[in-house]
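Observations on chain architecture
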Amino acid sequence: MDVYVHGLEWTLKELFVYPNEFIYWSIQIVMYPYMTGLVAGAFVLSSLYHVFGQEDLKDLAKFALVFSFALLIVAPMPLMFHLQHPMRGMEVFFTPHFTSAISAFGIVFFSYSIIVATEIWFVYRKFFVEQSMALKGKEGLVNRIKWLIYTALTLGAYDISPEALHKDEKAIKILAGVGIPVACFLHGYAGFIFGSVKANALWMTPLMPVIFIMSAIVSGIALCMLTYIIIMEWRKFRIRTSKKPWEMTAEEVGGVELDLMRKTSKYLIGFMIAAITLELLDLVFRGYTAVKSWDILRSIIYGKDFVNIFIKQYTFGNLIPFIMLLLPRPTVKRLVIALSLVLFGVFMMRWNVVIGGQAFSLTFAGYMHYKIPVIPHNMQTFKEGVTGALVIGIMPFVLFWGINKIVPSLKYK
Amino acid sequence: MRQTRRDFLKTITRGALVTALPLGAFKFLSPREARASVESTKVRWGFLVDTFKCVGCGFCVKACKLENEVPYDTPVTRTWVERYVILKNGRMLADTPMGGRDGFTDPKVQEEEINPKDIAKGFFVPKLCNQCENPPCVQVCPVGATYQRADGVVLVDRSWCIGCGYCIMACPYGVRFFHPVYHTAEKCTFCIHRLVKGMNTACVDACPFGARKVGNLKDPNDPVTQVILNQRVAVLKPEYGTKPQVYYIGLDENVR
């Protein structure tokens, strides 16, 4: 077995720090709440249409639902990258120790997966049946495989009469409704994992789960909007370069519907306000009550992490995109920049919580600095460095590309 | 027999009440309470550190690393010694190079040259797992790989730990780390393998000045219990509600 001290490679210590203290929770623990946050956010966005009947979000809802499924599959991966014994990860499901916040993961994650998968099935049931009928008896290996997949996906339910479809819609509504609290729970408990650590002065606050849920919805909506814009613009670009102008239909020239984006960004702004309010409340409260840990926390928040918190997170991640989204007459370019900044801001928030929470020692008299490994030279620096984070970051898009082949979520009208 | 919905609900409610009321007479026991009522728990291990006697030689750290096979040249350690220097202007300086394994031979503290005339007081504080009565590390383990014995000692099952590090985060004393070889959570065990054989812990045996003592807190005649009962002692960070069971004589307010 390899002999190494976990964390030694990327932790720089300053002043008085206990000998066993290192940055044990590194980049993958930043990625983990970031990914579950995107899942929850994407699902809430799709539910806004299904449950609350926000007709203006109809086009985005289907996409958001399928995308949240792709994100969902990726959500546990950062944990697997982080565990020292990933092969034992299944123990969390088999021998959960219920006083631990992490042990809820198995139950919440599985029940949530089932809800999302079932909802997708109901949304696409008609499509599966139609595909299965159309492909029946067609020549060619690809058609045969496709037929097999779709026939299996119908699960033998071929009734697509209006009454049956009406029942489907009812089921979708119920599932989307049940899904919202479960999605919030999935992410809220991720916040609870941090908020309940009494040993960590920065993490311990009952506001943590709520802050996490709000920023989760912000990031989820932003990612869905951004991905939607990129995919639609890419399609428009491809059609424009391959077809003669007189061959194109009106829909094909269209690309992104700015009206849809304008409406969605209203929800985004609402959740952003909620997230920022809670975060500032937490900060003000800490400063005002000024308990024992405040001296070291202040030196982190206003000193060592000032750029990360106030410049990167609040200015670039919140204030600037907030203004860009509020300005009238949005353009695609402005939206892309604003949404990317929102996503960056939420990532920085996760970073400032996870890494910021370990930036100071339990002695309250020393600091630790996380020097993130960029170029890996062993398994540790690969998994818990920039490369590992990139793998996790790219994964949902690859999965979405694959899933979208079977359940097309972005169709021309 | 015809039954209306109203009748059905009535019967159900009555039935539920009839079964629930006698059940209320029973008391639900936590696993620890249940175990305590069956097993004989005549032992509760506790620890006593006399900071006045510690000179910072680091023999305890050496002995611990060798006894418990924590790779000698790694900075992680199950027990360590801290050096505190308080200046006349009230400033506190502290360090623990390699956990104090090789003693404190460098007059520099925190890489600072200090004029001996400026020093108001200086002392050493040995640290180890507090074997808390209410251990947060046990609470947060997602798979139950870390547990508390009936005698109070908290252990880690190396064959079951998944290495998530949640227990390391949950410990306010920073006593946990990942073992450099097994890559599972690791901590001081009060040398339980020695205690159960009637021996002392390795650090207690290695201490030339008797600064460290281990004893049974349930035995009122145990010398450790005697000191804790009759003298003025303190524990580390009681504000976390962990109820630590390592007691200190002469604990300074500067100690972290």
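Residues numbered from 1 in each chain as written. Chains lettered and ligands numbered in written order. Predicted model: local features only at pLDDT ≥ 70, side-chain atom pairs only at ≥ 80, totals over all residues. Heavy atoms only, no water.

1. Details of the overall build of chain A
For chain A, the count of helices and strands is 15 helices and 2 strands. Its C-alpha atoms give chain A a radius of gyration of 23 Å, near enough to 22 Å, the size a compact globule of 413 residues would have. Summarising its shape, the C-alpha atoms of chain A cover approximately 75 × 55 × 40 Å along the three principal directions. Counting across all 413 residues of chain A, residues that qualify as buried make up 56%. Sequence separation of 24 or more characterises 78% of the internal contacts of chain A that already satisfy a separation of 6 or more. Summed over its atoms, the accessible surface of chain A is roughly 18,800 Å², and 70% of this surface lies on carbon and sulfur atoms. Mean positive and mean negative side-chain charge positions of chain A (37 and 26 charges, respectively) differ by 3 Å. (Helix = DSSP H or I, 4+ residues; strand = E, 2+ residues; numbered from the N terminus. Rg over C-alpha atoms; globule rule 2.2 N^0.38 Å. Buried < 20%, exposed > 50% of the residue type's maximum accessible area, 1.4 Å probe, protein only. Contact = heavy atoms within 4.5 Å. Areas by Shrake-Rupley, 256 points an atom, 1.4 Å probe, with all protein chains shown as cover. Lys, Arg positive; Asp, Glu negative; His and termini not counted. Charge placed at Lys NZ, Arg CZ, Asp CG, Glu CD.)

2. Observations concerning the overall build of chain B
Broken down by element type, chain B carries 8 helices and 11 strands. Relative to the globule expectation of 18 Å for 256 residues, the C-alpha radius of gyration of chain B, 24 Å, shows a markedly less compact shape. Viewed in the frame of its principal axes, chain B has a C-alpha envelope of about 100 × 40 × 40 Å. Among the 256 residues that make up chain B, the fraction classed as buried is 52%. The contacts in chain B between residues at least 6 apart in sequence include a share of 63% that link residues at least 24 apart. Carbon and sulfur atoms form 57% of the exposed surface of chain B, whose accessible area is close to 12,800 Å². Across chain B, the 35 positively charged side chains and the 25 negatively charged ones have centroids separated by 9 Å.

3. Structural notes on the packing of helix α1 (residues 27-50) of chain A against helix α7 (residues 162-195) of chain A
Residues and elements named next belong to chain A. Contact pair α1 / α7: the axes reach a minimum separation of 9 Å and the direction vectors enclose 155°. Between α1 and α7, the crossing angle belongs to the class labelled roughly antiparallel. Taken as a pair, α1 and α7 cross one another with a handedness that is left-handed. Across the contact of α1 with α7, the residue classes tally to 16 nonpolar, 6 polar and 1 charged. (Axes fitted to C-alpha atoms, helices over the stretch in contact; angles between N-to-C directions. Parallel < 35°, antiparallel > 145°, perpendicular 65-115°, else oblique. Left-handed = near helix turned anticlockwise from the far one by under 90°. Nonpolar A, V, L, I, M, F, W, Y, C, P; charged D, E, K, R; others polar.)

4. Brief notes about helix α15 (residues 386-406) of chain A
Residues and elements named next belong to chain A. Under the 1.5 Å per step criterion, the end-to-end length of α15 is 32 Å for 21 residues, consistent within 8% with the ideal 30 Å. Helix geometry: α15 is bent most strongly at M395, by close to 30°, with proline P396 lying one to four residues after it. Among the residues making up α15, those that are buried are G388, A389, I392, P396, F400, I403 and N404. (Expected span 1.5 Å × (residues − 1). Bend = angle between axes of the 7 residues up to and from the residue.)

5. Some details on a nonpolar patch on the surface
Residue and element names in this part refer to chain A. A grouping of Y302, F306, V307, I311, F316 and F344 is seen on the molecular surface, where their side chains present a nonpolar patch of about 510 Å² in accessible area. Here the element with the most residues in the nonpolar patch is helix α12 (residues 306-326); it accounts for 4 residues. Mapped onto the secondary structure, F306 falls in helix α12. Given the relative accessible area of 35%, F306 is considered partly exposed. (Patch = residues over 30% accessible without salt bridge, like charges linked within 9 Å, V, L, I, M, F, W, Y side chains within 5 Å. Salt bridge = Lys/Arg side-chain N within 4 Å of Asp/Glu carboxyl O.)

6. Observations concerning the interface of chain A and chain B
Counting from both sides, the interface comprises 45 residues of chain A and, opposite them, 54 residues of chain B. Counting the surface lost from both chain A and chain B, the interface buries some 3,900 Å², and carbon and sulfur atoms represent 62% of this. For the chain A face of the interface with chain B, the top three residues by lost area are F16, N20 and K198 of chain A, together amounting to 17%. In this assembly, chain A and chain B are joined by 1 salt bridge. Put simply, K292 of chain A and E239 of chain B hold a salt bridge, and the shortest N to O gap is 3.1 Å. At the level of elements, α4 (91-94) and α7 of chain A are the ones that each hand at least two residues to the side of chain A that touches chain B. Taken together, the residues that form the side of chain A that touches chain B break down as 26 nonpolar, 14 polar and 5 charged. (Buried area = accessible area lost by both parts, 1.4 Å probe.)

7. Regarding the packing of aromatic side chains
Geometrically, a pair of aromatic rings is defined through the distance of the ring centres and the angle of the planes. All chains considered together, the criterion is met by 37 aromatic pairs over all chains. Ring plane angle 55° and centroid distance 5.7 Å describe the contact between Y18 of chain A and W80 of chain B, whose orientation is recorded as tilted. With one member in each of two chains, Y18 of chain A in the loop between β1 (11-15) and α1 and W80 of chain B in strand β2 (residues 80-87) form a pair that bridges those chains. Judged by relative accessible area, which is 1%, Y18 of chain A ranks as buried. Judged by centre distance (5.7 Å) and plane angle (50°), the rings of F310 of chain A and Y314 of chain A are tilted. Of the two residues, F310 of chain A and Y314 of chain A both sit in helix α12, 4 residues apart, roughly one turn of that helix. Its relative accessible area of 19% is what places F310 of chain A among the buried residues. Of the residues examined, Y314 of chain A reaches a relative accessible area of 16% and is grouped as buried. (Phe/Tyr/Trp six-rings, centres within 6.5 Å; stacked < 30°, edge-to-face > 60°.)

8. Details of the confidence of the model for chain B
Mean pLDDT over chain B works out to 93, with 95% of the residues at or above the 70 mark. The least confident element of chain B is helix α2 (residues 31-38) of chain B, whose mean pLDDT is 64; the most confident is strand β11 (residues 246-249) of chain B, at 98. (pLDDT = per-residue confidence, 0-100.)

9. Notes on the packing of helix α5 (residues 104-135) of chain A against helix α6 (residues 141-154) of chain A
Residue and element names in this part refer to chain A. Between α5 and α6, the least distance of the axes is 8 Å, while the angle of their chain directions is 140°. On the basis of the axis angle, α5 is oblique to α6. Relative to α6, α5 is oriented so that their crossing is left-handed. Across the interface between the two elements, W121, F127, F128, V129, Q131, S132 and L135 from α5 touch N143, K146, W147, Y150, T151, L153 and T154 from α6. Considered class by class, the residues forming the contact of α5 with α6 number 8 nonpolar, 5 polar and 1 charged.

10. A look at helix α11 (residues 294-304) of chain A
Residues and elements named next belong to chain A. Those residues of α11 that fall on the buried side of the exposure criterion are W294, I296, L297, I300 and I301. Taken end-on, α11 shows its buried residues confined to a sector of 165°, consistent with a single buried face. Where α11 is buried, its residues contact α10 (258-289), α12 and β2 (366-370). (Arc of directions from axis to C-beta.)

11. Considering the environment of D151 of chain B
Residues and elements named next belong to chain B. In this fold, D151 is placed in the loop between β5 (146-148) and β6 (154-156). The sequence separation of D151 and Y240 amounts to 89 residues, and the corresponding C-alpha distance is 22 Å. Setting aside its immediate chain neighbours within four residues, D151 contacts V43, R44, W45 and I192. Here the side chain of D151 touches V153 through a polar contact of 3.3 Å, landing on its backbone nitrogen. (Polar contact = N/O pair within 3.5 Å; in protein donor to acceptor, adjacent residues only side chain to side chain.)

12. Focus: the pattern of salt bridges
Counted by the stated rule, this structure contains 22 salt bridges over all chains. One salt bridge in this structure joins D151 of chain B and R149 of chain B, with 2.9 Å as the shortest N-O distance. With relative accessibility at 8%, the residue D151 of chain B sits in the buried group. By sharing partners, the salt bridges in this structure join D259, R262 and K263 of chain A into a single network.

13. Brief notes about the nonpolar core
Counting 197 residues, the largest nonpolar core has W25 of chain A together with F190 of chain B as the members making the most contacts within it. The biggest single contributor to this core is helix α8 (residues 208-242) of chain A, with 17 residues. Contacts of F190 of chain B, omitting those with residues within four sequence positions, involve W45, G46, F47, L128, C129, Q131, V153, L195, T201, V214 and V246 of chain B. Ranked by size, the runner-up nonpolar core spans 7 residues in total, among them V224, V227, V235 and I249 of chain B. (Core = buried A, V, L, I, M, F, W, Y, C linked by side-chain atoms within 4.5 Å.)

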